[in-house]
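# Structure assessment
So the chains spell out like this:
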Amino acid sequence: MKRIAILGAGSMLLAAALAAIPATAGAQDATELTKKMLVDAPMTGDGSNFSKDAISLDACLTGATEILGTNYFDSCADQAVGPVPESGKQPGYLQLTDASEYNDGAAILNRALPNKGGIEVTFAQYQYGGTGADGISFFLVDGGTDLTEPGALGGSLGYAQNKNFDGVDGGYLGLGLDAWGNFSADTEGRGQGCPEDYRAPSYLSVNTNKAPDNVALRGPGEGRNGYCLLATTATDEKIGEYTGGDVYGTNFPESLRSETLADAKRLVKLKVGGGENPKVTVDLDFLNGAGWERVLETTVPFAAPDTFKIGFASSTGSHTDVHLIRHLRVETFVE
């Protein structure tokens, strides 16, 4: 198995890898290849057909009826703050958090999935019913990692590091669907050891500034080092202020979140190509009639591992939202 040597000698390896990416770097277009299904998880039932390698870290299934504990995909009846879906009713959702304060949840698949010629991940996400925090992450890690917990939560969305906690072990790529606005920012200890070209822009390196309602990608990392910002939809347009800081904008036609569950559904598509510097694209469907819209396109400074593991994470703070997932599909591409 190919294991990524991520930041094994501090930031020098990362800097060299980033500098070596040619301007035209990109992988074979995955649309030319045949898809092979690896994961098809609607998450609408009671969890009885979940993989034995699926781990809940205080996530729950709204369609389940039994309360079993924080490490099970069980009923959400004891996590029902705010306008959550009706407990025990199917079709349901994977609930990462309700709208309670300082809450978090993660769902991890600790089973190595083969990466043949790139991967495509699609799912539906729902953020709603609170005051817009923090957001949802989907992440890929090296398949050789024993993936049992996420990285730092809060603004790091369970993928990147912060000044007090490590990022996710074996991190390869983290997608942040960031309602509150810190995942794009190199504050709170994120972006340590990253070359200048892969750090957040200066206006998002100020501790009190943020870019809400944005999507961002962070790259490989281990411990407190790496997880560099690869791309963000945040703009340099200042759109407001909040206590002690400035707020920056986005180019999205719609918000990532909504006030109600009925209006909150957003479809997400993440593609990672093959090759030494994989091309990565993120498309969103805001269900406004426009269909899929390309919001991010970038390259990753390391070839993807031969196998990978996946996870979702979310959290709330003094500001909150309900965070739900449905209809996860993971496919790889073969010739």
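Residues numbered from 1 in each chain as written. Predicted model: local features only at pLDDT ≥ 70, side-chain atom pairs only at ≥ 80, totals over all residues. Heavy atoms only, no water.

## Description of the overall build of the protein chain
Secondary structure assignment for the protein chain yields 1 helix and 19 strands. The C-alpha atoms of the protein chain give 18 Å as radius of gyration, which agrees with the globular expectation for 335 residues (20 Å, within 12%). If you line up the protein chain on its principal axes, its C-alpha atoms span 50 × 50 × 40 Å. With 335 residues in all, the protein chain has 59% of them scored as buried. Within the protein chain, contacts between residues at least 6 apart in sequence are counted, and of these 71% link residues at least 24 apart. A total accessible area of about 13300 Å² is found for the protein chain, and carbon and sulfur atoms account for 47% of it. Separation of charge centres in the protein chain, based on 25 positive and 43 negative side chains, amounts to 4 Å. (Helix = DSSP H or I, 4+ residues; strand = E, 2+ residues; numbered from the N terminus. Rg over C-alpha atoms; globule rule 2.2 N^0.38 Å. Buried < 20%, exposed > 50% of the residue type's maximum accessible area, 1.4 Å probe, protein only. Contact = heavy atoms within 4.5 Å. Areas by Shrake-Rupley, 256 points an atom, 1.4 Å probe, with all protein chains shown as cover. Lys, Arg positive; Asp, Glu negative; His and termini not counted. Charge placed at Lys NZ, Arg CZ, Asp CG, Glu CD.)

## Digging into the pairing of strand 6 (residues 119-128)
Most of strand 6 is tucked away: 10 of the 10 residues are buried. The alternating pattern of strand 6 places I119, V121, F123, Q125 and Q127 on one face and E120, T122, A124, Y126 and Y128 on the opposite face, and all of these are buried. The sheet contact formed by strand 6 and strand 15 (residues 265-272) spans 8 bridges and is antiparallel. Within strand 15, the residue paired with F123 across the bridge is V268. Where strand 6 lies against strand 19 (residues 322-334), 9 bridges are found, and the strand directions are antiparallel. Directly across from A124, in strand 19, lies its bridge partner R326. (Pairing = 2+ DSSP bridges.)

## Digging into the nonpolar core
Counting 50 residues, the largest nonpolar core has L173, L270 and L328 as the members making the most contacts within it. Residue contributions to this core peak at 4 residues, all from strand 8 (residues 171-178). Once you skip the residues sitting within four places of it in the chain, L328 turns out to touch V39, D40, A41, M43, V121, T122, F123, F138, I310 and F312. In this structure, I108, A160, V168 and L204 belong to the second largest nonpolar core, which totals 21 residues. (Core = buried A, V, L, I, M, F, W, Y, C linked by side-chain atoms within 4.5 Å.)

## A few points about the environment of V168
By the element assignment, V168 lies in the loop between strand 7 (135-142) and strand 8. The buried category is assigned to V168, whose relative accessible area is 0%. Here the alpha-carbon distance between V168 and L153, two residues 15 residues apart in the chain, equals 9.9 Å. Ignoring anything within four residues of it in the chain, the contact list for V168 reads F139, V141, L147, E149, P150, G151, G158, Y159, G221 and Y227.

## Describing the confidence of the model for the protein chain
When pLDDT is averaged along the protein chain, the result is 90, and 90% of the positions lie at 70 or above. Within the model, the stretch residues 5-13 combines pLDDT values under 50 with 19 contacts to residues more than four positions away or in other chains. Note on residues 20-31: pLDDT under 50 across the span, and 19 contacts to partners over four residues away in sequence or across chains. (pLDDT = per-residue confidence, 0-100.)

## A closer look at empty space enclosed by the protein
Over the atoms rolls a probe the size of a water molecule, and in doing so it shows where empty space is left. Following the criterion strictly, the structure yields 1 cavity of 30 Å³ or more and no others. Computed from the structure, the largest cavity encloses a volume of approximately 50 Å³. What lines the largest cavity is N115, G118, I119, L140, Y172, V272, A304, P305 and F308. Of the residues contributing to the lining of the largest cavity, the split by class is 7 nonpolar, 2 polar and no charged. (1 Å grid on protein atoms, 1.4 Å probe; cavity = no way out; pocket = protein on both sides within 12 Å on 5 of 7 lines; lining within 4 Å. Points joined across faces, edges and corners; volume = space filled by probe spheres on them. Nonpolar A, V, L, I, M, F, W, Y, C, P; charged D, E, K, R; others polar.)

## Digging into the packing of aromatic side chains
For the structure shown, the criterion picks out 10 aromatic pairs. Aromatic ring contacts, followed pair by pair, group F123, F138 and F312 into a single cluster. Stacked on the ring of W292, the Lys or Arg K269 has its end atom at 4.4 Å from the ring centre. In this structure, R326 packs its charged tip against the face of Y93, placed 3.9 Å from the ring centre. (Phe/Tyr/Trp six-rings, centres within 6.5 Å; stacked < 30°, edge-to-face > 60°. Lys NZ or Arg CZ within 6 Å of the ring centre and 35° of its normal.)

## Here we look at the pattern of salt bridges
Once the charged atoms of two side chains with opposite charge are near each other, the side chains can pair. Under the definition given, this model contains 16 salt bridges. The partner of D53 in a salt bridge is K52, with the nearest N and O atoms 3.6 Å apart. Judged by its relative accessible area of 77%, K52 is exposed. One salt bridge connects D321 with R257, and the closest N-O pair in it is separated by 2.6 Å. Note that D321 is positioned in the loop between strand 18 (307-315) and strand 19 and R257 in the loop between strand 14 (245-250) and strand 15, a separation of 64 residues in sequence. Of the residues examined, D321 reaches a relative accessible area of 0% and is grouped as buried. Using a relative accessible area of 14% as the deciding quantity, one classes R257 as buried. (Salt bridge = Lys/Arg side-chain N within 4 Å of Asp/Glu carboxyl O.)

## As for the state of the cysteines
Scanning all chains against the criterion turns up 2 disulfides. The side chain of C60 participates in a disulfide bridge whose partner is C76; the two sulfur atoms lie 2.1 Å from each other. Of note, the bridge from C60 to C76 carries an S-S torsion of about 110 degrees and is right-handed in sense. Of this pair, C60 sits in strand 3 (residues 60-61) while C76 sits in the loop between strand 3 and strand 4 (94-97), placing them 16 residues apart in sequence. You'll find C60 and C76 in the same group, each marked buried. Two residues, C194 and C228, share a disulfide whose sulfurs are 2.0 Å apart. Judged by the torsion about the S-S bond (-95 degrees), the C194/C228 disulfide is left-handed. Pair noted here: C194 is in the loop between strand 8 and strand 9 (214-218) and C228 is in the loop between strand 11 (225-226) and strand 12 (229-232), with a separation of 34 residues, a long-range link. Residue classification places C194 among the buried residues on the basis of a relative accessible area of 9%. Residue C228 is classed as buried on the basis of its relative accessible area, which comes to 3%. (Disulfide = S-S within 2.5 Å.)

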